[in-house]
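Structural characterization, general
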Amino acid sequence: MDVKSESTFVEWRKRSGVTATELARALEISKTHLSDLERGTASLTNKLLEKIAAMGIDAEQFRSKHTAWMEERRRAVIERLKVKL
């Protein structure tokens, strides 16, 4: 199963031409938290979605895209685990 390698956050950051540090500052979160979001190990909160919306981004579309990426990632892990058994 092919999994899109970049999270919604990485894709957004690259398209915007900003660094991880710059995006973390703009979202008022730590760079570590942003890294966790980019790797899919942290949850996307309503508070963070509000900050994203305040930047002019469609928060519901962002949530939907991020949720789809997370689900795709989860399914890929499950498939890899099946191979290991």
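Residues numbered from 1 in each chain as written. Predicted model: local features only at pLDDT ≥ 70, side-chain atom pairs only at ≥ 80, totals over all residues. Heavy atoms only, no water.

1. So, the nonpolar core
Ranked by internal contacts, the top residues of the largest apolar core, which has 16 residues, are F9, L27, L48 and I52. Of all elements in the fold, only α1 (8-16), α2 (20-27), α3 (31-39), α4 (46-54) and α5 (59-84) reach the threshold of two or more residues within this core. Considering every element that reaches this core, the biggest residue donor is α2, with four residues. Here L27 is in contact with F9, W12, L48, K51, I52 and M55, once residues within four sequence places are set aside. (Core = buried A, V, L, I, M, F, W, Y, C linked by side-chain atoms within 4.5 Å. Buried < 20%, exposed > 50% of the residue type's maximum accessible area, 1.4 Å probe, protein only. Helix = DSSP H or I, 4+ residues; strand = E, 2+ residues; numbered from the N terminus. Contact = heavy atoms within 4.5 Å.)

2. Looking at the packing of aromatic side chains
What the rule picks out here adds up to three aromatic pairs. Ring geometry for W12 versus F62: centroids 5.4 Å apart, planes at 70°, classification edge-to-face. Within this pair, whereas W12 is found in helix α1, its partner F62 is found in helix α5, the two being separated by 50 residues in sequence. A single burial state applies to W12 and to F62, both of which are buried. Through pairs of rings, three or more aromatic residues link up here, namely F9, W12 and F62. (Phe/Tyr/Trp six-rings, centres within 6.5 Å; stacked < 30°, edge-to-face > 60°.)

3. Focus on unusual backbone geometry
The phi dihedral of E28 is positive, around 60°, even though this residue is not glycine. Within the secondary structure, E28 is located in the loop between α2 and α3.

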